[in-house]
Amino acid sequence: TLFLLDAGTRYQQAKRALHAAVPDRLHSREKETGVIRQFLRDHVGGRQPGSLYISGAPGTGKTACLSRVLLDCKDELAGSKTIILNCMSLSSPLGVFPSVGQELGLPTAAGREGVRKLEKQLTARGPMVLLVLDELDQLESKGQDVLYTLFEWPRLPGSRLVLVGLANSLDLTDRGLARLAARPAGGPQLLHFPPYTREQLTTILQERLGQVPGDPVLDAAALQFCARKVSAVSGDARKALDVCRRAVEVVELEVRSQTLLKPLPGGE
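Residues numbered from 1 in each chain as written. Predicted model: local features only at pLDDT ≥ 70, side-chain atom pairs only at ≥ 80, totals over all residues. Heavy atoms only, no water.

1. What about the confidence of the model for the chain?
(1) Moving on: Here the chain shows a mean pLDDT of 87. Residues at 70 or above account for 87%.
(2) Moving on: In this model residues 1-5 is a low-confidence stretch, pLDDT under 50, and it forms five contacts with partners more than four residues away in sequence or in other chains. (pLDDT = per-residue confidence, 0-100. Contact = heavy atoms within 4.5 Å.)

Written as C-alpha cells, this is what we have:
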C-alpha cells in the first residue's frame, strides 16, 4: 500500500508538471520574450502608442510568453490600464468594440457611435491603455475594417493605446493590414514564433519531468520519440505535453492494477 501511495504521488506530480501552464522559464523563447518585454517598456512605460503583431502556429509559446512577461512586468505596468481579451469569446468581429468599451467603463453604444466614443476615449488624456487581443484571426471581416480600425488607433494624434495582437496566421498583416503598411509610418511591429524543433521539445519535456523527484517517470527514449513525432507534424509544445501526460496516466493505471492484484506477504 505504501508503494502504491508513493507511486501515485509521483504520477500526480508528473501530470501536474506536464500541464500546459505558464512556466517560470520558457525554453528556446528567450529572444521572443525579450522582444515583448522591450516593446512594453518602450511603449507602455515610455508612453509611446504603438502596436505589436505576434504570429505563430498553435503551441509555439505566443500566449505563454506574453503571459510570462505580463507577470514579470506587473510593477512596471501598474500605472496603466491592461485589457486582455480572447477574440474566440466574441459572437462576431464587431463585438470587440463594446467589449473593450465595457472594460474602459464606457456606456454601451452600438455601431459607429460606439466606435466613435471608444476612439474619443483612447485619444483623451489619461493613463496608457494596453490592449491584448488573443486569437486575433477571429476578427477578420469583409474589408478587414475591424482589424484596420484597431491597428489605426495607436496612430491617432494623442492616442494612449498600445495594442498587442496574437494570431496563428503569419500573413494576416499582409491580407488585412496592407493599407497600414503602405502608409509612411508602416504597419505594426512583427514578431514570429517558429514551431519547436525535436531538440527543443525534448528539452521542454525533460525540464518539466525533471521537477519530479526520484527515478524518471517516463524513459528518455520515449520522450525523444514523442518529440520527434510532434515536431514532424506541428512543433506544438502543448501537444507534446498532452501526449506525455496521457502516457503517464496509462503507466499509472497499469502500476495501480498490478499492485492491487499482487498478493500481500504471508498470504494474507
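What follows continues from the structure just given.
2. Remarks on the sheet that holds strand β3 (residues 129-134)
(1) Moving on: Strands sit in the order β2-β3-β4-β1-β5 across an open sheet of five strands; the sheet is parallel. The sheet is open, and its two edges are formed by β2 (81-86) and β5 (189-193), each paired on a single side. In this sheet, neighbouring strand axes are inclined to one another by 15 degrees on average, regardless of whether the strands run parallel or antiparallel.
(2) Moving on: Looking at chain direction, β2 and β3 are connected through six bridges and run parallel. By the bridge assignment, isoleucine 84 is partnered in β3 with valine 132.
(3) Moving on: Each of β1 (50-56), β3 and β4 (161-167) is contacted by helix α6 (residues 145-152), which is oriented at about 140 degrees to β4, the strand it contacts most. (Pairing = 2+ DSSP bridges. Helix = DSSP H or I, 4+ residues; strand = E, 2+ residues; numbered from the N terminus. Axes fitted to C-alpha atoms, helices over the stretch in contact; angles between N-to-C directions.)

3. Thoughts on the environment of glutamine 12
(1) Moving on: With respect to the helices and strands, the residue glutamine 12 is situated in helix α1 (residues 2-17).
(2) Moving on: With relative accessibility at 34%, the residue glutamine 12 sits in the partly exposed group.
(3) Moving on: A sequence separation of 200 residues divides glutamine 12 from valine 212, and the C-alpha atoms of the two residues are 9.5 Å apart.
(4) Moving on: Within the structure, glutamine 12 has its side chain in polar contact with the side chain of glutamate 252 (distance 3.3 Å). (Buried < 20%, exposed > 50% of the residue type's maximum accessible area, 1.4 Å probe, protein only. Polar contact = N/O pair within 3.5 Å; in protein donor to acceptor, adjacent residues only side chain to side chain.)

4. Concerning the packing of helix α2 (residues 30-45) against helix α3 (residues 62-72)
(1) Moving on: Contact geometry for α2 and α3: axes closest at 9 Å, N-to-C directions at 45 degrees. Taken together, α2 and α3 sit at an angle that is classed as oblique. The element α2 and its partner α3 pack so that their crossing is right-handed. Taken together, the residues of α3 that come into contact with α2 (itself represented by Thr33, Ile36, Arg37 and Leu40) are Cys65, Leu66, Val69, Leu70 and Asp72. (Parallel < 35°, antiparallel > 145°, perpendicular 65-115°, else oblique. Left-handed = near helix turned anticlockwise from the far one by under 90°.)

5. Focus: the side chain of threonine 202
(1) Moving on: Tracing the chain through its elements places threonine 202 in helix α9 (residues 198-209).
(2) Moving on: Leave out the neighbours within four places in its chain, and threonine 202 touches Gln224 and Ala227.

6. Let's talk about the pairing of β1
(1) Moving on: Extensive coverage of β1 is indicated by the burial of seven of its seven residues.
(2) Moving on: Side-chain alternation along β1 places Gly50, Leu52, Ile54 and Gly56 on one buried face and Ser51, Tyr53 and Ser55 on a second face that is also buried.
(3) Moving on: Sheet topology note: the β1/β5 ladder contains five bridges and is parallel. Bridge assignment links glycine 56 to a residue of β5, and that residue is phenylalanine 193.

7. Topic: the nonpolar core
(1) Moving on: Val96, Leu133, Leu136, Leu139, Leu150 and Trp153 are the most contacted members of the largest nonpolar core, which has 27 residues in total.
(2) Moving on: Counting residues per element, this core draws most heavily on α6, at four residues.
(3) Moving on: If we ignore the near neighbours within four places in the chain, the residues touching leucine 136 are Tyr53, Cys87, Leu147, Phe151, Gly165, Leu166, Ala167 and Leu172.
(4) Moving on: By size, the runner-up hydrophobic cluster in this structure holds 22 residues, among which are Tyr11, Val212, Leu218 and Val230. (Core = buried A, V, L, I, M, F, W, Y, C linked by side-chain atoms within 4.5 Å.)

8. A few points about the pattern of salt bridges
(1) Moving on: Applying the stated criterion to the full structure yields eleven salt bridges.
(2) Moving on: With a closest N to O distance of 2.9 Å, glutamate 252 and lysine 15 form a salt bridge. Remark: lysine 15 occurs in helix α1 and glutamate 252 occurs in helix α11 (residues 237-261); sequence separation between them is 237 residues. For the pair glutamate 252 and lysine 15, a shared accessibility class is recorded, and that class is buried.
(3) Moving on: Salt-bridge contacts for aspartate 242 lead to arginine 246; the nearest nitrogen and oxygen are separated by 3.1 Å. Note that aspartate 242 and arginine 246 are positioned in helix α11 at a spacing of four residues, about one turn of the helix.
(4) Moving on: What you see here is one network of salt bridges that share partners, running through Arg25, Glu30 and Glu207. (Salt bridge = Lys/Arg side-chain N within 4 Å of Asp/Glu carboxyl O.)

9. Concerning α3
(1) Moving on: The complete set of buried residues in α3 reads Lys62, Cys65, Leu66, Arg68, Val69 and Leu70.
(2) Moving on: Structurally, α3 contributes buried residues whose contacts are with α2, β1, β2, β3, β4 and β5.

10. Regarding unusual backbone geometry
(1) Moving on: Even without being a glycine, serine 28 presents a positive backbone phi close to 65 degrees.
(2) Moving on: With respect to the secondary-structure elements, serine 28 resides in the loop between α1 and α2.
(3) Moving on: Its relative accessible area of 17% is what places serine 28 among the buried residues.
(4) Moving on: The phi dihedral of arginine 47 falls on the positive side, at around 50 degrees, and the residue is not glycine.
(5) Moving on: Its location among the elements puts arginine 47 in the loop between α2 and β1.

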